[in-house]
Structure formats: structure tokens, C-alpha cells
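Chain by chain, the residues run as shown.
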Amino acid sequence: MLRSCKGKHRRPSKVTRIATLAGVTGVAVAAPLMAAGTASAATTSEWDTVAQCESGGNWSINTGNGYYGGLQFSSSTWSAYGGSSYASSADQASKSQQISVAEKVLAAQGKGAWPTCGTGLSNAANDAGSTTPSQPSTPSTPSTPSAPSSGTDEQRASRSSERETAKKETVETPTGKTVKKGDGEYKVKKDDTLSEIAEAKNVKGGWQKLFELNKDIIDDADFIYPGQQLHLS
């Protein structure tokens, strides 16, 4: 927070003089200046904690598992909550831009958008919304929250489903990196190489052809991982 230092060489500001002369009325004049800021649904340190849990705190991460950035946004969620105005995917946006989109997701979906890592988030927006239907003035009042609630449940279920699908479609390497699994007929075993597989399975064109057939899941011909499933033809 920026602070002004009133030294003897500095004249009191116009606002200060008005507040001093006006007494109680002066407080009313100065109060809006102090209350102009808006509270965030979660603090930056809380988002840092979520990012540490989701991605090891790497705000530019893209492991190819379908989730991007420090808070691991799927492409559909990033686009739906305005992220496309910053960058095509979350890993290409700044930390503050990712947090800005995350605030919208938190307000709409609650902590369940990050089922494991979001437990420590403050959720003022959702808490405030949940207390609204406390006055049973009309029969229709209790029914109004039901529509957004079901939508929120569907969004949470969709995100959880996306995560489960991504897990099934990826393989974790010994270093913790996530790579695409593929759907080929040969499942890579420990210590396998493309050359050995091509020779053992009589792949025409050798390891070069095998690499070409599986470029969608292999970035470097020298690195394949147990659990990946390669096409042989």
C-alpha cells in the first residue's frame, strides 16, 4: 500500500482541510475515497497455494494433458470465463490474468472447481449468495436458487469428468511430467526403445517410421515412456 508522509514542509491536502473544517460532515465526504476498492473473492496468496498444489507453482506450465497454467484451466473453461481476451490458453497469460479468470470461475462454481487443491480458498461471493433466500416472503423465492445451483453442479461434474478423462489419456513419466498415452496396439515397457520395438515387431521403415506413426504422442524419438501405446502401422 502506498503511504503519504505528511512532513512539516507539506501543506495538508484539500480533502484534509475540508474534513477538518466540516467535522462529521467531512468524514462523510472523505469516506468514499477510502471505500473505493473492491474485495477479492480469494487472496493472491491463496491462489499461489492452489497453483502450488495444481502445477507446482508454475504459471506457464503446459504438459500436454489438456490443462494449462498455474491453476490448470481446461481450454473450454478458460474460454467460457473470458480468458481468451488475454491469451489463447492459460499458460500464455500472466499470473494476474489467470487469477482474474479464476475469480470468475470461483464465483460461479465455488471451490469444487479445484476439488483437491481449492479447499483453502475463501469464497465470499458464493457464501453471500447462499444466504439470500432466507426470507420466505413468497412461495417462489426458495425455488430461484435451484437453477444456478444445478448449473453449478453440472459445471463441477463436467470439470471432474474432464480431469478423469485426461488422466486416462496421459502417462506420468519418472520425473513427474505428464505425456500423452495414445491408443496404439503396442504398450511400451520399461527400457523399450523405438529401434528395439521396430525390430521386434518388424515395422517397415524401422524406428523412423515408428516415430512418424506416433508423432502425436512422441515429441522426441529418444524418449518414450512405459504405458504409452504406439501404433505399429
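Our subject in this report is the structure included herewith. (Residues numbered from 1 in each chain as written. Predicted model: local features only at pLDDT ≥ 70, side-chain atom pairs only at ≥ 80, totals over all residues. Heavy atoms only, no water.)

1. Observations regarding the overall build of the protein
Phase 1: Scanning the protein from terminus to terminus reveals nine helices and six strands.
Phase 2: A buried classification covers 31% of the 233 residues belonging to the protein.
Phase 3: The long-range fraction of contacts in the protein, counting pairs at least 24 apart against all pairs at least 6 apart in sequence, stands at 51%.
Phase 4: Summed over all atoms, the accessible surface of the protein reaches about 14700 Å², with 54% contributed by carbon and sulfur. (Helix = DSSP H or I, 4+ residues; strand = E, 2+ residues; numbered from the N terminus. Buried < 20%, exposed > 50% of the residue type's maximum accessible area, 1.4 Å probe, protein only. Contact = heavy atoms within 4.5 Å. Areas by Shrake-Rupley, 256 points an atom, 1.4 Å probe, with all protein chains shown as cover.)

2. Thoughts on the nonpolar core
Phase 1: Ranked by size, the top nonpolar core spans 23 residues in total, and within it Trp47, Leu71, Phe73 and Trp114 carry the most contacts.
Phase 2: Broken down by secondary-structure element, the contributors of at least two residues to this core are helix 3 (44-55) and helix 5 (95-109).
Phase 3: For this core, the leading source of residues is helix 5, giving five residues.
Phase 4: Judged by nonpolar contacts, the second largest core, of 13 residues, contains Ala198, Val203, Phe211 and Leu232. (Core = buried A, V, L, I, M, F, W, Y, C linked by side-chain atoms within 4.5 Å.)

3. Digging into the environment of Ala102
Phase 1: Within the secondary structure, Ala102 is located in helix 5.
Phase 2: When its relative accessible area of 0% is taken as the criterion, Ala102 is described as buried.
Phase 3: With 55 residues separating them in the primary sequence, Ala102 and Trp47 have C-alpha atoms 8.6 Å apart.
Phase 4: Non-local contacts of Ala102, meaning those with residues more than four positions away in its chain, are made with Trp47, Leu71, Phe73 and Trp114.

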